[in-house]
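These are the residues of each chain, in order.
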Amino acid sequence: MTALDQVEVKEGVDQETVDAVAQLSGAYKYGWNDDDIEMDYAPKGVNPDIVALISSKNEEPQWMLDWRQAAFTRWEGMSVPNWAMLKVADIDFQDLYYYARPKSMEVKPKSLDEVDPKLLETYKKLGIPLKEQAILAGVEGAENDLPERKVAVDAVFDSVSVGTTFQAELKKAGVIFCSISEAIREYPELVKKYLGTVVPPSDNFYATLNSAVFSDGSFVYVPPGVRCPMELSTYFRINAENTGQFERTLIIADKGSYVSYLEGCTAPKRDVAQLHAAVVEIIIEEDAEVKYSTVQNWYPGDEEGKGGIYNFVTKRADCRGARSKVMWTQVETGSAVTWKYPSCILRGDDSQGEFYSIAIANNYQQADTGTKMVHLGKRTKSRIVSKGISAGHAQNTYRGLVSMHPKAKESRNYTQCDSLLIGSQCGAHTVPYIEVKNNSSRVEHEATTSKVDDDQLFYCRSRGMDEEEAVALVVNGFCKEVLQALPMEFAMEAQALVAISLEGSVG
Amino acid sequence: MLEIKGLKVDLEEEEKSILKGVDLTVGAGEVHAIMGPNGSGKSTLSYVLSGKDGYEVTEGSATLDGADLLDMEPEERAAAGLFLAFQYPVEIPGVGNMTFLRTAVNAQRKARGQDELSAGDFLKEVRARAKDLKIDAEMLKRPVNVGFSGGEKKRNEILQMAMLEPKMCILDETDSGLDVDAMKLVSEGVNALRSEGRSFLVITHYQRLLDHIKPDVVHIMSNGRIIKTGGPDLALEVENNGYADLLAEAE
Ligand SMILES: Nc1ncnc2c1ncn2[C@@H]1O[C@H](COP(=O)(O)OP(=O)(O)OP(=O)(O)O)[C@@H](O)[C@H]1O
Ligand SMILES: [Mg+2]
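What you are looking at is a predicted structure, and each value in this text was computed from that prediction instead of being measured. Here, residues in each chain are numbered from 1, in the same order as that chain's written sequence. Working convention: letters from A go to chains and numbers from 1 go to ligands, in the order in which they are written. Only residues with pLDDT of 70 or above have their local features reported here, since the model is predicted, and side-chain atom pairs are shown and tallied only from 80 upward, although totals for entire chains, interfaces and linings are computed over all residues. Note: side-chain values were computed over all heavy atoms of the structure, leaving out hydrogens and water.

**Q** I tried to follow the sheet that holds strand β10 (residues 199-203) of chain B on my own but got confused; where do I start?
**A** Within a beta sheet, neighbouring strands are joined by backbone hydrogen bonds and run either parallel or antiparallel to one another. Residue and element names in this part refer to chain B. With mixed pairing, six strands are arranged side by side in an open sheet as β6-β9-β10-β3-β11-β12. Each end of this open sheet is capped by a strand with a single partner; those strands are β6 (82-85) and β12 (225-230). When strand polarity is set aside, the average angle formed by the axes of neighbouring strands in this sheet is 20°. What makes two strands pair is DSSP finding at least two bridges between them. Elements are defined by DSSP. Helices are runs of H or I of four residues or more, strands are runs of E of two residues or more, and each kind is numbered from the N terminus. Relative to β10, strand β9 (residues 168-172) is paired through five bridges, and the arrangement is parallel. Following the sheet pairing, Met168 is matched in β10 by Ser199. Here helix α9 (residues 233-241) sits on the sheet in contact with β3 (31-35), β11 (217-222) and β12, set at roughly 45° to β11. In this analysis an axis means a line fitted to C-alpha atoms, helices contributing only their contacting stretch, and an angle means the value between N-to-C directions, from 0 to 180 degrees. By definition in these notes, contact holds between two residues if any of their heavy atoms fall within 4.5 Å.

Laid out in structure tokens, this is it:
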């Protein structure tokens with residue numbers, strides 16, 4: 001498929017990984033807390049008043065509040081899904097904060113210059129560019145130089161968006177990139193037209209809860225025929241204790257447009273598990289293409305399984321128009337629990353969906369992740385490449401659905417699902433669901449499970465690499481096809497993460 | 001350079017003794033050959049020297065320039081200058097040959113407190129060395145040893161050796177599987193590396209290789225022991241008469 005051919009991971013990148021690992025002393029690098037940032041909280045728990053409070057904090061119109069309240073009423077009648085291969089302690093949904101906002105954000109800063117320096121400091125520490133400057137994308141000393149590239153960033157801190165860069169420049173191209181709260185105020189017609197059309201408020205327990213209480217997130221609209229002039233990204237940071245983060249992202253690629261979107265996530269080390277329940281909706285019209293890449297690096301809990309983020313996410317792309325394309329790439333290294341199935345509804349004829357995933361679970365982490373490819377249109381194509389890595393006591397499940405509807409004539413799916421085990425106390429599971437309801441479509445599924453090979457490690461070590469370098473190299477090799485699908489900077493970050501997440505998994 | 005004294009090695013998993021007292025000294029700049037029947041313990045000796053798991057040293061010692069090899073991790077032995085060209089080089093899917101080499105070179109430099117080689121210098125170096133061994137650019141990009149032919153794997157081992165510039169090189173049947181031309185390339189590669197400060201231990205079954213790489217000393221190994229040590233003539237004797245007489249003599 002085209003997507004794979006276009007991006008190339010350069011030789012020598014693995015070396016960067018190794019260096020990055022060597023420089024890091026502790027395992028989780030983003031685990032500090034910024035408890036000195038003063039926060040405003042809504043009272044604990046969730047009820048119609050809290051829903052109304054969130055809506056009013058965001059200065060929302062009545063229709064939005066009504067939408068939220070309807071979702072809340074529905075949620076009250078729902079129960080926690082338990083079909084995933086996850087052992088999760090009961091979450092007391094009334095014992096959480098649903099809204100936490102830095103005090104300094106009470107009056108919305110008009111520009112990034114007005115944002116509280118302490119907040120800016122956090123993002124600086126995370127290495128996220130909140131200044132409107134071109135970032136140097138190339139690897140130092142790499143064979144060929146890459147041009148300077150710009151990446152626009154929307155920074156979400158707990159429940160609110162702190163700021164969005166390059167908005168003016170994007171606007172010139174006709175691209176809208178802002179926080180969803182801003183979009184609800186400024187572009188209500190667009191939001192009304194698309195919100196909830198891919199993930200309806202009734203979709204599932206967590207999505208319904210999100211529909212009632214989502215506080216912020218990102219909004220993207222790319223008008224017809226526009227190729228978004230830069231990469232867009234959102235960085236989520238959960239800081240406040242006992243606080244759920246419920247963000248909502250809505251991306252619309254109008255006819256013939258193109259956008260590449262990146263999402264990154266981190267959180268402090270806390271003993272108590274924290275909830276993150278996001279919804280991402282993507283609408284792709286005729287001939288449009290969206291690439292959505294995630295490097296999920298939430299705090300995974302400590303070596304004994306204490307604390308960490310519970311990540312329950314509903315992500316779905318609707319390839320509405322003919323020949324539309326979506327490509328999900330995810331690197332899931334963090335979270336104590338991951339429950340996530342970025343999906344593609346291939347509605348338009350000749351539309352295409354791709355899903356590339358690396359899921360790493362170490363220590364006591366649990367990951368149940370995969371995708372759904374729902375083929376509705378004729379000659380639709382999908383491709384799934386999943387790489388699951390388990391170490392320590394972790395459990396890693398790939399769960400995937402491929403469904404060919406009666407009208408999806410001559411459609412194709414190819415699924416490749418590889419699991420790698422490090423040590424003997426972890427587990428890998430593959431749960432494919434395949435439904436084919438016409439006789440001209442074809443579904444191929446390949447699955448492998450292997451162990452990190454001692455001979456490979458010894459070979460590397462006999463050439464001078466230490467054990468962790470050797471594991472990182474072998475595992476990065478195992479993940480190569482997926483790493484290649486990521487944009488350059490993300491590929492390097494992801495490689496480094498692969499190594500960090502596996503620290504302490506050998507020896 | 002390399003000094004092995006009374007080395008006895010058992011398998012870790014089962015009660016089986018493989019090396020039953022090996023004594024061997026390789027001086028600086030020397031080339032020694034080891035020959036011996038299949039299963040006599042030649043590869044085991046090379047694995048134990050490089051630190052592979054699964055073996056238990058019950059007696060004896062092995063030092064490299066006075067440093068106790070057996071006490072070091074495999075990567076420390078590599079950094080100390082020991083290199084083993086594997087009898088069966090290992091495949092690593094997804095890891096580019098070039099990436100592997102660069103990671104290895106820099107890991108060793110780091111361990112020795114040297115600066116890393118810049119990408120440019122590394123590329124220049126690797127291309128020159130690869131060219132000598134007729135390894136093309138495409139093979140450098142491919143994943144380590146994956147889908148390489150037997151002979152290509154062996155040449156790739158020599159490329160690694162040339163890049164890492166070890167002082168003690170052990171070649172375990174690097175000649176097996178090589179065609180006549182490749183044998184010449186590899187021998188030339190090895191001969192080009194010969195120097196006062198660099199020694200070689202060449203494990204082989206065939207005189208052929210020793211025509212190209214002239215050994216100073218030849219050892220015959222059988223059943224976990226060196227049973228005879230001699231000059232280059234010893235290899236010719238084996239080539240002509242096989243091991244029967246030597247084994248009988250040792251009894
Ligand atoms: N891990 C192992 N498990 C069982 N037996 C082993 C193991 N490693 C070595 N051996 C045995 O030890 C003996 C020596 O093996 P080694 O590979 O060192 O022989 P070699 O001299 O290199 O033979 P060749 O010329 O065939 O390469 C053989 O009998 C072999 O089967
Ligand atoms: Mg052998």
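**Q** So what exactly am I meant to see when it comes to the state of the cysteines here?
**A** Each disulfide consists of a covalent bond between the sulfur atoms of two cysteine residues. Two cysteine sulfurs form a disulfide in these notes if their separation is within 2.5 Å. Counted according to the given criterion, the structure contains zero disulfides over all chains. Summary of cysteine pairing: Cys460 of chain A is not part of a disulfide, and the nearest cysteine sulfur, belonging to Cys479 of chain A, is at 15 Å. Throughout this description, buried means an accessible area under 20% of the type-specific maximum (1.4 Å probe, protein chains only), exposed means over 50%, and partly exposed covers the range between. Overall, Cys460 of chain A belongs to the buried group, its relative accessible area being 0%. Free of any disulfide, Cys169 of chain B has its nearest neighbouring cysteine sulfur in Cys460 of chain A, separated by 19 Å. Residue Cys169 of chain B is classed as buried on the basis of its relative accessible area of 0%.

**Q** Which parts of the structure should I look at to understand the packing of aromatic side chains?
**A** Given two aromatic rings, their pairing is described by the distance between the two centres and the angle made by the two planes. Each aromatic pair joins two rings of Phe, Tyr and Trp (for Trp, the six-membered one) with centres within 6.5 Å, and gets the label stacked for planes under 30 degrees apart, edge-to-face for over 60, and tilted for any other angle. In the structure shown here, the tally under the stated rule is 20 aromatic pairs over all chains. Consider the rings of Trp339 of chain A and Tyr341 of chain A, whose centres lie 5.5 Å apart with planes at 80°: the pair is edge-to-face. Overall, Trp339 of chain A belongs to the buried group, its relative accessible area being 5%. A positively charged side chain is recorded as over a ring if its NZ (Lys) or CZ (Arg) lies within 6 Å of the ring centre. The angle to the ring normal must also be within 35 degrees. Cation over ring: Arg227 of chain A sits above Tyr258 of chain A, and NZ or CZ is 4.1 Å from the ring centre. Sitting over the ring of Tyr206 of chain B, Arg208 of chain B keeps its end group 5.5 Å from the ring centre.

**Q** Explanation requested: the site of ligand 1 in the structure shown.
**A** Residue and element names in this part refer to chain B. Taken together, 15 residues lie around ligand 1, and Gly39, Lys42, Ser43, Thr44 and His205 are the ones closest in. Each polar contact in these results corresponds to two N or O atoms within 3.5 Å; when the atoms are within protein, one needs to be able to donate a hydrogen and the other to accept it, and residues that are neighboring in sequence are counted only if both atoms are side-chain atoms. Asn38 places a polar side-chain atom, nitrogen or oxygen, 3.0 Å from an oxygen atom of ligand 1. Here an oxygen atom of ligand 1 sits 2.9 Å away from a polar atom, N or O, in the side chain of His205. When isolated, ligand 1 has an accessible area of 640 Å², and the protein chains bury 64% of it. Of all the elements, helix α1 (residues 42-50) adds the most residues to the shell around ligand 1, at three residues. What makes a residue near a molecule or strand is one non-hydrogen atom of that residue sitting within 4 Å of it. Where accessible areas are quoted, they stem from the Shrake-Rupley method and a 1.4 Å probe; at the residue level, only the protein chains shown are allowed to cover.

**Q** Just to check I follow, could you spell out the UniProt feature "domain: SUF system FeS cluster assembly SufBD N-terminal" (unreviewed entry) in chain A for this structure?
**A** UniProt positions are given in the numbering used here, feature names are shortened, and annotations may be inferred rather than shown by experiment. When the UniProt feature table is mapped onto this chain numbering, "domain: SUF system FeS cluster assembly SufBD N-terminal" (unreviewed entry) sits at residues 171-227 of chain A. For the annotated span residues 171-227 of chain A, helix accounts for 44% and strand for 16% of the residues, and the straight-line distance between the end C-alpha atoms is 13 Å.

**Q** Honestly, the packing of helix α6 (residues 150-164) of chain B against helix α7 (residues 180-193) of chain B in this entry has me stumped. Any pointers?
**A** For any two helices packed against each other, the geometry comes down to the angle between their axes and how far apart the axes lie. Residues and elements named next belong to chain B. Between α6 and α7, the least distance of the axes is 10 Å, while the angle of their chain directions is 15°. Classed by the angle they form, the pair α6 and α7 counts as roughly parallel. Remark: the crossing between α6 and α7 carries left-handed chirality. Between α6 and α7, the residues in contact are Arg155, Ile158, Met161 and Ala162 and Ala182, Leu185, Val186, Val190 and Leu193, respectively. In terms of residue class, the contact of α6 with α7 is made up of eight nonpolar, no polar and one charged. Roughly parallel here means an angle under 35 degrees, roughly antiparallel means over 145, roughly perpendicular means 65 to 115, and every remaining angle is called oblique. Handedness of a crossing is defined here by the sense of rotation of the near helix relative to the far one, left-handed for an anticlockwise turn of less than a right angle and right-handed for a clockwise turn. By the convention adopted, Pro, Cys, Tyr, Trp, Phe, Met, Ile, Leu, Val and Ala count as nonpolar, Lys, Arg, Asp and Glu as charged, and the other residues, Gly among them, as polar.

**Q** Explanation requested: the packing of helix α4 (residues 119-132) of chain B against α6 of chain B in the structure shown.
**A** Residues and elements named next belong to chain B. Contact geometry for α4 and α6: axes closest at 10 Å, N-to-C directions at 135°. Compared by their axis directions, α4 and α6 come out oblique. The two elements α4 and α6 meet at a crossing, and its hand is right-handed. Facing α4, whose interface residues are Phe122, Glu125, Val126, Arg129 and Ala130, α6 presents Leu159, Ala162 and Met163. Here the contact of α4 with α6 is composed, by residue class, of six nonpolar, no polar and two charged.

**Q** What is the right way to read the coordination of the magnesium ion (ligand 2) from this model?
**A** Reference values for angles at a metal are 109.5 degrees in the four-donor tetrahedral case and 90 or 180 degrees in the six-donor octahedral case. All names here are of chain B. Ligating atoms shown are N, O and S within 2.8 Å of the metal, or 3.2 Å for Na, K and Ca, and water is not included, meaning a site may look less than complete. Coordination of the magnesium ion (ligand 2) by the protein involves Ser43 (OG) and Gln87 (OE1), with metal-donor separations of 2.0 to 2.2 Å. Of this pair, Ser43 sits in helix α1 while Gln87 sits in the loop between β6 and β7 (92-96); the two residues are 44 residues apart in sequence, bridging distant segments of the chain. The exposure class assigned to Gln87 is buried, which follows from its relative accessible area of 14%.

**Q** Explain the environment of Pro166 of chain B here, please?
**A** Residue and element names in this part refer to chain B. Within the secondary structure, Pro166 sits in the loop between α6 and β9. Distance from Pro166 to Phe83, taken between C-alpha atoms, is 6.0 Å for residues 83 residues apart in sequence. Excluding its chain neighbours within four sequence positions, the residues that come into contact with Pro166 are Gly81, Leu82, Phe83, Met161 and Arg198.

**Q** Help me out: how do you make sense of the pairing of strand β8 (residues 248-253) of chain A in this one?
**A** Looking along a regular strand, one sees side chains alternate from face to face of the sheet. All names here are of chain A. The buried count for β8 comes to six of six residues, which makes it a mostly enclosed element. When β8 meets strand β11 (residues 279-284), the two strands line up parallel, connected through six bridges. Residue pairing in the sheet places Thr249 in a bridge with Val280 of β11.

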